[in-house]
Amino acid sequence: MVITIISFFLKVLAVYFGMGVLFGIYFLFIGATKIDPLMKNSKWIVRLLLFPGVVATWICLLPKLYKK
Amino acid sequence: MGLNYQLVLWNKNKKVYDRFILLFVLLYLLLFWGITLITNSNTSLETLTIRSSGTLAILLLHIILSIGPLARINKKFLPLLYNRRHLGVSMFLIALIHGGFSIFQFHMLGDVNPIYSVFTSNLDYSSLHDFPFQVLGFLALLILFAMAATSHDFWLANLSAKTWKTLHMLVYVAYALIVSHVFLGAFQQETSPYMPVLMGIGFVVLVILHISAGIKEVKKDKQTYEASDEDWKYVCEIDEIEEDRAKIFIVDHERIAIFKYENKLSAIHNVCKHQGGPLGEGKIIDGCITCPWHGYQYLPQNGQSPPPFTEKVATYYVKIEDKKVYVLPKPLDEGTEVSPAIIES
């Protein structure tokens, strides 16, 4: 039972972060300026700095992107 | 402020604080390694790294959690708030070294996925004595990662202040996990009582600081000011406000900061548009009210950030009669120009 719960939890975690990485790549090249217009005038290295945060919180950014 | 995002918001003071952090970290590691090698020369490099980074991360977390209440209790601690963000990210990186080396040393050598191994190498979850405490540390590290990764102005603007604040309040969940990680780990591995005892002292100090700061805030919130004619509220005598500083008043449930500068008084809403910092705890620098948290600036007479920046806060009417200061607690539209009250000598 414990093993099943752990396996499920880790799979969910892996899927979440995996999708986060995909969303992060989209964010780097296209999504950043769509989500926040201030990113247009920001240096590209800022996007790289934000990448881990996108991987962690992509699910919160998705509705914002959808609305735009 | 305003037009684009910077990689890091550095200024002269922040660079000084960052140098202090670096110096402190290096000094701590040097002392820890030196003392450990003198007392036990057989300690391996991995063990030294795991222990020194773990204890340092815990120490920094205690400092970080103390800064908020200390700044509320005594204004002298306010400058420490300036650099809490950098301290938090530094603490995460050090905790990551601790977690990374621990996983490398204890979970990488088998044929099982190391993260899976963290959760399953010990399945005694029902035992207090043998609880797999590494799992708690791993979960705390996940929270600290999410916090460190979102420690940039972009996140405050795009996650919304409420979501961002909620995410960062998880530091207390991370702290609870870390306390459990240390105490349950100590039951199994620690032969010396020093670490659990120091952790216990740290916990008690944090609880006392938070309760003291909370009591002070409640007292401030309950303070009422007598009503005057036309809904003007008397708040204080002129001399009670320091030059280029403010006093904060809660009038009709609104936090209002009244600033004194160049023989004038101006009143604005106390909450900074950037991260909700307490503007009234800042001071006037170069003619602008400067937020103590991240240096966002507003002109005292209209609550607007100086051009080309666009942030605005609400302003209030303020007047002086017989050296007594009165404020009209109805907020004007954000950025509304209000003539300052003139202090006649």
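Worth saying up front: this structure is predicted, and the values here are computed from it rather than measured. (Residues numbered from 1 in each chain as written. Chains lettered and ligands numbered in written order. Predicted model: local features only at pLDDT ≥ 70, side-chain atom pairs only at ≥ 80, totals over all residues.)

Undergrad: Tell me what's going on with the overall build of chain B, and back it up with residues and numbers.
TA: Of the regular secondary structure elements, chain B holds 10 helices and 10 strands. Taken over the C-alpha atoms alone, chain B extends approximately 75 × 40 × 35 Å along its principal axes. Relative to its full complement of 345 residues, chain B shows a buried share of 31%. (Helix = DSSP H or I, 4+ residues; strand = E, 2+ residues; numbered from the N terminus. Buried ≥ 20, exposed ≤ 12 C-beta atoms within 10 Å, placed from the backbone.)

Undergrad: Residues and numbers for the interface of chain B and chain A, please.
TA: Taken together, the contact between chain B and chain A spans 21 residues of the former and 22 residues of the latter. Listing elements by their share of the side of chain B that touches chain A, those giving two or more residues are α5 (114-120), α6 (133-149) and α7 (153-159) of chain B. The element contributing the most residues to the side of chain B that touches chain A is α7(B), with five residues. For the side of chain B that touches chain A, the per-class residue count stands at 15 nonpolar, six polar and no charged. (Contact = placed C-beta atoms within 7 Å. Nonpolar A, V, L, I, M, F, W, Y, C, P; charged D, E, K, R; others polar.)

Undergrad: Outline the nonpolar core, listing residues and values.
TA: If you look at the biggest cluster of nonpolar residues, it comprises 47 residues, and the most contacted ones within it are Ala57(B), Met91(B), Ala140(B), Leu144(B) and Ile178(B). Going through the elements one at a time, α1 (2-35) and α2 (44-67) of chain A together with α2 (45-73), α4 (84-107), α5, α6, α7 and α9 (171-188) of chain B are the ones with two or more residues in this core. Among residues more than four places away in sequence, those in contact with Ile178(B) are Ile58(B), Leu61(B), Gly137(B) and Ala140(B). Formed by 30 residues, the second largest nonpolar core is a distinct cluster that contains Val235(B), Val251(B), Ala257(B) and Ile268(B). (Core = buried A, V, L, I, M, F, W, Y, C linked by C-beta atoms within 7 Å.)

Undergrad: Describe α2(A), with residues and values.
TA: Three or four residues apart is the spacing at which side chains of an α-helix point the same way, because the helix has 3.6 residues per turn. With 24 residues, α2(A) should reach 34 Å at 1.5 Å per residue; the first-to-last C-alpha distance of 24 Å falls well below that figure. At Thr57(A), α2(A) is bent by approximately 80°, the largest bend along its length. Listed in full, the buried residues belonging to α2(A) are Val46(A), Arg47(A), Leu50(A), Gly53(A), Val54(A), Val55(A), Ala56(A), Thr57(A), Trp58(A) and Leu61(A). Considering only its buried residues, α2(A) is in contact with α1 of chain A together with α6 and α7 of chain B. (Expected span 1.5 Å × (residues − 1). Bend = angle between axes of the 7 residues up to and from the residue.)

Undergrad: Outline the environment of Ala176(B), listing residues and values.
TA: Structurally, the position occupied by Ala176(B) is in helix α9. Distance in space between the C-alpha atoms of Ala176(B) and Ala140(B) is 8.5 Å, their sequence separation being 36 residues.

Undergrad: An account of the sheet that holds strand β6 (residues 288-290) of chain B is requested, with residue identities and associated values reported.
TA: All names here are of chain B. Spatially, three strands are ordered β5-β6-β7 in an open sheet, and the strand pairing comes out antiparallel. Every interior strand has two partners, whereas the edge strands, β5 (283-285) and β7 (297-298), have only one. Across three bridges, β5 lies against β6 in antiparallel orientation. In the strand pairing of β6, isoleucine 285 is matched with cysteine 288. (Pairing = 2+ DSSP bridges.)

Undergrad: An account of the pairing of strand β8 (residues 315-321) of chain B is requested, with residue identities and associated values reported.
TA: Residues and elements named next belong to chain B. Of the pairings in the sheet, the one linking strand β4 (residues 264-269) to β8 comprises two bridges and is antiparallel in character. Bridging from a neighbouring strand, isoleucine 268 pairs with threonine 315 of β8. The sheet contact formed by β8 and strand β9 (residues 324-328) spans five bridges and is antiparallel. When the sheet's bridge partners are listed, glutamate 321 is paired in β9 with lysine 324.

Undergrad: Kindly report on the domain arrangement of chain B, identifying the contributing residues and their values.
TA: How big an interface is tends to be reported as the loss of accessible area on association of its parts. Residue and element names in this part refer to chain B. Entries for chain B in the domain assignment read domain 1 (12-220) and domain 2 (229-342). Using only C-alpha atoms to locate each centre, domain 1 and domain 2 end up separated by 37 Å. Taken residue by residue, the interface counts six residues in domain 1 and six residues in domain 2. When its residues are assigned to classes, the side of domain 1 that touches domain 2 shows four nonpolar, no polar and two charged. (Domains from an automatic or database assignment.)

Undergrad: Can you tell me about the environment of Leu23(B), naming the residues and giving the values?
TA: Looking at the secondary structure, you find Leu23(B) in helix α1 (residues 12-39). Leu23(B) sits 141 residues away from Trp164(B) along the chain, and the two C-alpha atoms are 30 Å apart.

Undergrad: Could you give me a rundown of α4(B), with the residues and numbers involved?
TA: Residues and elements named next belong to chain B. Between its terminal C-alpha atoms α4 stretches 33 Å, which fits the 34 Å expected from 24 residues at 1.5 Å a residue. Taken together, the buried positions of α4 are occupied by Arg85, Leu87, Gly88, Ser90, Met91, Phe92, Ile94, Ala95, His98, Gly99 and Ser102. Each element contacted by the buried residues of α4 is listed here: α1, α2 and α6.

Undergrad: Kindly report on the packing of α6(B) against α9(B), identifying the contributing residues and their values.
TA: Residue and element names in this part refer to chain B. Between α6 and α9, the shortest axis-to-axis distance is 8 Å and the interhelical angle comes to 155°. By the angle class used here, α6 and α9 are roughly antiparallel. For the pair α6 and α9, the sense of crossing is left-handed. Counted together, Phe133, Leu136, Gly137, Leu139, Ala140, Ile143, Leu144 and Met147 of α6 and Val171, Val173, Ala174, Leu177, Ile178, Ser180, His181, Leu184 and Gly185 of α9 form the full contact between these two elements. Within the contact of α6 with α9, the residues separate by chemical class into 13 nonpolar, four polar and no charged. (Axes fitted to C-alpha atoms, helices over the stretch in contact; angles between N-to-C directions. Parallel < 35°, antiparallel > 145°, perpendicular 65-115°, else oblique. Left-handed = near helix turned anticlockwise from the far one by under 90°.)

Undergrad: Give a description of the packing of α2(B) against α4(B) that names residues and reports values.
TA: Residues and elements named next belong to chain B. Packing of α2 against α4 leaves a shortest axis separation of 8 Å and a crossing angle of 150°. Taken together, the axis directions place α2 and α4 in an arrangement best described as roughly antiparallel. Taken as a pair, α2 and α4 cross one another with a handedness that is left-handed. Contact residues: α2 offers Glu46, Thr49, Ile50, Ser53, Gly54, Leu56, Ala57, Leu60, Leu61, Ile63, Ile64 and Ile67, while α4 offers Arg84, Leu87, Gly88, Ser90, Met91, Ile94, Ala95, Ile97, His98, Phe101, Ser102 and Gln105. Of the residues belonging to the contact of α2 with α4, the class tally is 14 nonpolar, eight polar and two charged.

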